[in-house]
Amino acid sequence: MSANRSTELELAGQVIELVRRLGGPGAQADAVVTRADLALTRFANSAIHQNVAESSVGVRLRLHVDGRTAAGSGSVVTADGLRALVERTLAAARLCPPDPGWPGLTPPTPTPDAPPVDEATAHAEPDQRADRVGAFVAAAGGLSTAGYCRTAHRSSAFANSAGHTAYGRSVEAAMDGIARRDGADGVARRCADRLSDLDGAELGAQAAAKAQAAADPAELPPGRYEVVFEPAAVADLLQNLSWYGFNGKRYAERQSFAEPGAAQFDSTVTLVDDPLGASGLPFDAEGTARRALTLVEAGTTRALAHDRRTAVEAGAESTGHAVAGGATWGPMARNLRLSGAAAGPASAVGRSTTGGAAGAVVDADTAALVAGVRRGLLVTDLWYTRVLDPKSLVVTGLTRNGVWLIEDGTVVRAVRDLRFTESYPRALGPGAVLGLGTRAVRQPDRVDGAWWAAPSLRLASWHFTGGASG
Amino acid sequence: MTEFDAATAAVQAALDAGARYADARVMHRRYESMTARNGDVEELTQDESIGLGVRALVGASWGFYAVPDLSDAAARDAGRRATRTAMASARVPGPPVDLVAVEAVTASWASGCQIDPLGVPLSDKGDLLVGATRTMAEHGADLAEGLYQIWDTAKWFVSSEGHRIDQRIRECGGGISATSIGDGETQRRSWPSYRGQYGTTGWELVESLDLAAHAAQIAEESRALLTAPLCPAGETDLILGGEQLALQIHESVGHAIELDRILGWEAAFAGTSWLDLAQLGSLRYGSELMNITIDPTIPGALGSFGFDDEGSPAVKRDAVRDGRWVGVLAGRDSAAMASLDYGGSVRADGWARLPMVRMTNVGLEPGPHTLEEIIAATDDGVLMDLNRSWSIDDKRLNFQFGCEVGWEIKKGRRGRMLRNPTYTGIGPLFWRSMDMLSGETVSWGTPNCGKGQPGQVGHTGHPAAPARFRNVRVGVSA
C-alpha cells in the first residue's frame with residue numbers, strides 16, 4: 001500500500017469513525033479525502049509571466065442524521081480540524097429541515113481498476129513545464145504567443161458508514177496556446193495522460209500556422225452557413241450537451257431536451273462518457289464506481305447521467321456521475337467522447353487550402369471534411385457560449401482563434417469572428433451531420449479531470465446572427 | 001506560530017533562496033451556502049479553509065506556491081519553492097519587472113457587519129428560503145429556487161518591503177427565482193436578480209431583500225411569460241434596468257479596463273481588450289453622461305476592501321469621465337509596465353491562488369432622471385431587466401445579452417410584457433448612444449466573476465441605475 005493510499009484512506013476512515021462517535025449509530029455519512037498537487041505555467045507575450053503550484057488537501061463530508069442532510073468540507077486535517085468538521089456538519093444537519101429524498105449510501109461494491117498513472121507527470125518539476133513553453137514559443141517563429149502548460153496529480157480516498165471504501169489516483173497534463181499575428185490568433189490545445197506526450201514545438205507550430213492563415217480577415221454577412229468545426233469547437237458542443245441535456249436532475253425537472261429512446265441526433269452521432277478512457281478516478285463523489293456510459297448511440301438518446309439522488313427519482317441506478325454540490329447542479333458527465341467515423345469520408349486526401357489560408361487546416365480529417373463543402377465556414381474554436389434557453393439548448397457565443405470561408409472544397413480566405421445563436425441539439429439533429437473525422441482529439445477543460453474528445457465535424461447549418469463588428 | 005509569523009517565515013525563506021521581492025498571504029475563509037427548491041432545503045454546505053500562498057520575484061520572473069499548512073517548516077518550504085518556480089520562469093524570460101511604489105504599512109481593516117451571517121441560526125435561514133420557495137410553487141412556478149451564500153474571510157499579508165496588514169471581510173447575499181416550463185422552452189423570473197444581491201455586509205442585507213414579499217409576483221410573472229409575445233426583432237430605443245446595466249458595465253467596461261488584459265497577459269484565455277494605452281485620456285468611450293468610477297471604498301458594496309492583495313490601499317479613481325477613458329484597473333507590476341503610478345486592484349480568490357487584476361466596485365455615477373421619467377420620454381422602445389444570459393467577445397466589443405423580461409414602451413407608457421428579450425451591440429457605440437440616465441443607483445454585487453488560470457472566482461460590485469440607449473438591435477433569436 002502506497003503512503004498516499006494509506007494516508008488518505010486513514011483520514012477518510014477517521015472522519016467516518018468520528019461521525020459514528022459523535023453522531024450516533026444512526027448517522028449515515030460519506031467522506032472523500034483528496035490530496036492534490038497542481039501546477040500551471042502560464043505565458044503571454046512569449047514569456048512566462050505567471051508560474052504557480054499548490055499542494056493541498058481537502059476533506060469533504062456529507063452526512064444524514066435523523067432524516068436531515070448537510071455537507072461540510074475543509075482543509076484542516078489535524079485531529080482537531082477533523083473533529084471540528086464533523087461537529088459543525090452534524091450541527092448543521094440537525095438544524096436542517098427533513099430530507100425526504102435522501103437516497104442512502106453506496107453499498108460496499110468493488111471499484112474498477114483505474115488506468116495507471118504516469119509518475120513522471122505526477123511529480124513534474126517547473127523546469128519541465130517551462131521547457132515545453134519554451135519550445136512552443138520558439139516554434140511560433142517570432143509570432144507573439146500565450147497560453148499555459150499544466151500538470152495535475154490527485155490522490156483520493158472514499159469511505160462511508162455503510163462500509164464502502166475506494167481509492168484512486170489520477171494525473172493529467174495539458175497544454176493550450178495561441179500564436180498571434182496582427183491581432184489574428186491561431187490555437188493548439190491538447191490534453192494527455194503524460195506530460196511527455198505533449199510536444200510544445202508541434203503545438204506552437206500548429207498555432208503559428210493557423211495564425212498566419214488567419215491574417216487579413218474579411219467581413220462576412222450573418223446568416224446560415226454550412227460549417228466544419230475542429231475538435232476545439234466541438235468540445236463546446238459536448239460540454240453544453242452534457243451539462244444541460246444529459247444531466248439527470250435537469251431531465252427530472254423537465255428542463256432537458258433529452259428523450260431516452262428517441263432518435264434525437266443524426267445517425268452518425270454516438271456519444272460515450274468514458275471516465276476511465278484516460279487517467280481518472282475510478283469512483284464518483286458518492287463512491288459509486290465509474291464506467292463508460294453510452295449517452296447517444298447512432299443518433300438515439302440512450303441514457304442520462306445519474307447520481308444516487310436523481311437515480312432514485314428516475315427509478316434507475318446511479319451511473320457514477322455524482323459531483324460535489326450535485327444536489328443543486330445535478331450529475332455531470334465530464335469525459336465525453338464523440339466517436340469518429342468508422343472510415344474517413346471518401347474525399348479524405350491531403351490538405352485543402354489555397355494561398356494565404358494554407359495553414360488553416362491542420363489535419364487530414366479536417367481537410368477531408370472541408371473538401372466536401374461547396375460554400376461554408378471552417379471554425380476553429382467557440383467562445384463565451386451561454387445558454388439562452390436550457391430546454392431547447394439555444395446557445396449564443398462567438399467564434400475565436402480562426403474562421404475561414406470555404407468555397408468549392410477549398411479554404412479561400414480568413415473571415416472575421418462571428419456571433420451565433422443556435423440550438424445545439426437541432427444543429428446535430430437527424431440529417432444535420434454531413435461528416436465526421438475519424439480521430440477524436442482530446443481537449444482539456446478549464447479544470448483537470450474533465451475532458452472532451454471529438455473529431456472534426458461537418459454540419460449542414462449553423463446560424464450566425466451577427467459579425468463581431470456589429 | 002501566528003498567521004503573521006507564518007507569512008513572515010515564507011517571505012524570509014523566499015528572500016534567502018534568492019528572491020529580490022516576496023510577499024505572502026495567509027487566508028482563513030469560512031463559507032456557507034444553502035439552496036432550497038419547491039419548499040424543501042436542497043443542499044446545505046459549509047467549508048472552512050486555511051492556507052498560505054507566497055509569491056517570489058527573481059530577476060524579471062515570478063513564482064507562486066501555496067500550502068494548507070502554517071507550520072514554520074511548511075511556510076519556509078513554500079517560500080523556497082516559490083523562488084525555485086520563479087527561477088524556472090526565467091527559462092522563458094520576459095521584460096524587466098518593476099513594482100510601483102506603495103507605502104509599507106502596518107494596518108487592520110474590517111468590513112461593516114451589523115448581523116453576523118454565520119451567527120444567524122440555520123433554522124431561521126432555512127425557514128426563509130423554504131417559505132419563499134413554497135410560496136412561489138403555490139403561485140405556479142414549476143421550479144421555485146432560493147439561495148444564500150456567506151463568506152467570512154480573514155487575511156494576513158506580509159511583504160518584503162515591510163507590509164503587515166490584516167483584514168476581515170464578511171460578505172453575504174441571496175435571492176430567489178421562479179421557473180415555469182412550457183412546450184420546448186422555459187421562462188424564469190428572479191428577485192432581486194438572477195443570483196441575488198450580495199455585499200460586504202452582514203445578514204441585514206438578506207433581510208432587506210424581503211424575499212418572501214416578492215415570491216408570489218415573480219412566480220406569476222414567470223408563468224405569464226410562457227404566453228407573452230416574443231420580443232420583436234429590429235432596432236429600437238432600449239431602456240435597461242439597473243441590474244442588467246450593472247452586468248453591462250461589468251462585461252463591456254470593467255473587463256475592458258483591466259490592465260493585464262490590455263497588456264496581453266490574458267490573451268490566450270480571458271482575452272485582451274479593444275483599448276489601446278496610447279489613447280488613455282483621450283478616447284471617447286461613451287456619451288457625456290458616462291462617468292465610471294473604480295471605488296473599493298463604497299461601504300457594503302461587494303468589491304470593497306481596505307487593502308488589495310498586494311498591500312495597496314483602497315482608493316477611489318475615475319475610469320471614464322464625461323465619456324472619456326481616463327483610468328484602468330491595475331496591479332503594481334502591470335502599472336509599472338504601463339508607466340502608470342497606481343495599482344490597487346489586485347486580488348486572489350483564496351490562499352492557493354495568485355493575486356491578479358480584478359474589478360473592485362466599477363460603477364456608473366447617477367444621472368438626473370427617474371426610471372419613470374425615462375419611460376415617459378420614450379415614444380417607442382423596449383424596457384429590459386434582470387440578466388438571463390451574457391456573452392461578449394474576447395476584446396470586449398461585441399456583446400449579446402438576454403434578459404428575463406421585457407416590456408413594450410409605447411407613447412411614454414409601459415405596455416405588454418415581452419418574452420425572450422435580447423439585445424446586441426458594440427461596446428463604445430452602445431455607450432455613446434446613452435442619452436438618459438436615472439439617479440436610482442444600487443450597488444449590485446457579482447459574486448461569480450471568472451478569470452485566470454487556474455480559474456479564480458472574483459467578487460465585484462457595480463453601482464448602476466436605469467438608463468436609455470438609442471437605436472439598439474433587439475430580438476435576436478436562433
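Quick note: structure is the one above.
The structure displayed is predicted, hence computed values, not measured ones. (Residues numbered from 1 in each chain as written. Chains lettered and ligands numbered in written order. Predicted model: local features only at pLDDT ≥ 70, side-chain atom pairs only at ≥ 80, totals over all residues. Heavy atoms only, no water.)

Let's talk about the overall build of chain A
Each helix and strand counted, chain A has 11 helices and 19 strands in total. Relative to the globule expectation of 23 Å for 470 residues, the C-alpha radius of gyration of chain A, 24 Å, shows essentially globular dimensions. On the principal axes, the C-alpha backbone points of chain A span a range of 75 × 50 × 40 Å. Expressed as a percentage of the 470 residues in chain A, the buried residues total 64%. (Helix = DSSP H or I, 4+ residues; strand = E, 2+ residues; numbered from the N terminus. Rg over C-alpha atoms; globule rule 2.2 N^0.38 Å. Buried < 20%, exposed > 50% of the residue type's maximum accessible area, 1.4 Å probe, protein only.)

Structural notes on the sheet that holds strand E9 (residues 293–297) of chain A
All names here are of chain A. Spatial strand order, E10-E9-E8-E11-E18-E17: 6 strands in an open sheet with mixed pairing. Across the chains shown, the open sheet's two edge strands, defined by having one partner strand only, are strand E10 (300–301) and strand E17 (441–444). In terms of strand pairing, strand E8 (residues 271–273) meets E9 through 3 bridges, oriented antiparallel. Along E9, the bridge assignment pairs Leu271 with Val296. Where helix H6 (residues 231–245) meets the sheet, it contacts E8, strand E11 (335–338), E17 and strand E18 (451–454), and its direction lies at approximately 120° from that of E18. (Pairing = 2+ DSSP bridges. Contact = heavy atoms within 4.5 Å. Axes fitted to C-alpha atoms, helices over the stretch in contact; angles between N-to-C directions.)

Focus on helix H10 (residues 364–371) of chain A
All names here are of chain A. Burial of H10 is extensive: 6 of the 8 residues sit out of reach of the surface. Among all positions of H10, only Asp365, Thr366, Ala367, Ala368, Leu369 and Val370 are buried. Those residues of H10 that are buried are in contact with strand E7 (223–229), strand E12 (375–389), strand E13 (394–407), strand E14 (410–415), strand E16 (433–436) and strand E19 (457–467). At the N-terminal boundary of H10, the capping side chain belongs to Asp363, with an oxygen 3.1 Å from the backbone nitrogen of Asp365. (Polar contact = N/O pair within 3.5 Å; in protein donor to acceptor, adjacent residues only side chain to side chain.)

Some words on empty space enclosed by the protein
Enumeration according to the criterion identifies 6 cavities of 30 Å³ or more in this entry. What lines the second largest cavity is Gln50 and Val52 of chain A together with Phe64, Ala352, Arg353, Leu354, Met356, Gly452, Gln453, Pro454 and Gln456 of chain B. (1 Å grid on protein atoms, 1.4 Å probe; cavity = no way out; pocket = protein on both sides within 12 Å on 5 of 7 lines; lining within 4 Å. Points joined across faces, edges and corners; volume = space filled by probe spheres on them.)

A word on the packing of helix H1 (residues 3–16) of chain B against helix H2 (residues 72–89) of chain B
Residues and elements named next belong to chain B. For the pair H1 and H2, interaxial distance at closest approach is 7 Å and the crossing angle is 40°. The two elements H1 and H2 meet at a crossing, and its hand is right-handed. On H2, the residues touching Ala6, Ala9, Ala10, Gln12, Ala13 and Ala14 of H1 are Asp72, Ala75, Arg76, Gly79, Arg80 and Thr83. (Left-handed = near helix turned anticlockwise from the far one by under 90°.)

Examining the environment of Ile50 of chain B
Within the fold, Ile50 of chain B resides in strand E2 (residues 40–58). According to the relative accessible area criterion, Ile50 of chain B is buried, its value standing at 15%. Distance in space between the C-alpha atoms of Ile50 of chain B and Ser71 of chain B is 12 Å, their sequence separation being 21 residues. Those residues in contact with Ile50 of chain B that sit more than four places away from it in its chain are Ser75 and Val76 of chain A together with Val26, Met27, His28, Pro68, Leu70 and Trp351 of chain B.

A word on the packing of aromatic side chains
Residue and element names in this part refer to chain B. Under the definition given, this model contains 24 aromatic pairs over all chains. Ring geometry for Tyr148 versus Trp203: centroids 5.2 Å apart, planes at 85°, classification edge-to-face. Here the residue Tyr148 occupies a position in strand E5 (residues 143–159), and Trp203 occupies one in the loop between strand E8 (197–199) and helix H4 (204–209), the gap between them amounting to 55 residues. There is no split in this pair, since Tyr148 and Trp203 are both buried. Among the aromatic residues, those joined into a cluster by ring pairs are Phe399, Phe401, Tyr423, Phe430, Trp431 and Phe469. (Phe/Tyr/Trp six-rings, centres within 6.5 Å; stacked < 30°, edge-to-face > 60°.)

Description of unusual backbone geometry
In the segment running from Trp191 of chain B into Pro192 of chain B, the intervening peptide bond is cis, with an omega of -10°. Turning to its location among the elements, Pro192 of chain B is positioned in the loop between strand E7 (186–191) and E8. If you check the backbone angles, Leu393 of chain A has positive phi at about 50° while not being a glycine. Structurally, the position occupied by Leu393 of chain A is in the loop between E12 and E13.

Some points on the pattern of salt bridges
Enumeration over the complete set of coordinates arrives at 62 salt bridges over all chains. The shortest N-O distance in the salt bridge between Arg194 of chain A and Asp197 of chain A comes to 3.0 Å. Residue Arg194 of chain A is classed as partly exposed on the basis of its relative accessible area of 37%. Assessed through its relative accessible area of 43%, Asp197 of chain A is described here as partly exposed. Each of Lys249 and Glu253 of chain A together with Arg37 and Glu42 of chain B takes part in a single network of salt bridges with overlapping partners. (Salt bridge = Lys/Arg side-chain N within 4 Å of Asp/Glu carboxyl O.)

Regarding the interface of chain A and chain B
Facing the 80 residues of chain A at the interface are 75 residues of chain B. When the two sides are added together, the surface that chain A and chain B hide from each other amounts to roughly 6400 Å², 51% of it contributed by carbon and sulfur. On the chain A side of the interface with chain B, the three residues burying the most area are Arg42, Tyr384 and Arg419 of chain A, jointly 9% of the side's total. Linking chain A to chain B there are 11 salt bridges. For Asp142 of chain B, the salt bridge is made with Arg254 of chain A, and the minimal N-O distance between the two is 3.4 Å. Between the two partners, chain A and chain B, sit 42 residue pairs in polar contact (both at pLDDT 80 or more). Examining the composition of the side of chain A that touches chain B, we find that 11 residues originate from one element, strand E2 (residues 47–65) of chain A, more than from any other. Classifying every residue of the side of chain A that touches chain B gives 30 nonpolar, 30 polar and 20 charged. Where strand E3 (residues 68–74) of chain A meets E2 of chain B, 4 bridges bridge the pair, whose relative direction is parallel. Pairing of Gly74 of chain A across the sheet is with Glu48 of chain B, part of E2 of chain B. (Buried area = accessible area lost by both parts, 1.4 Å probe. Nonpolar A, V, L, I, M, F, W, Y, C, P; charged D, E, K, R; others polar.)

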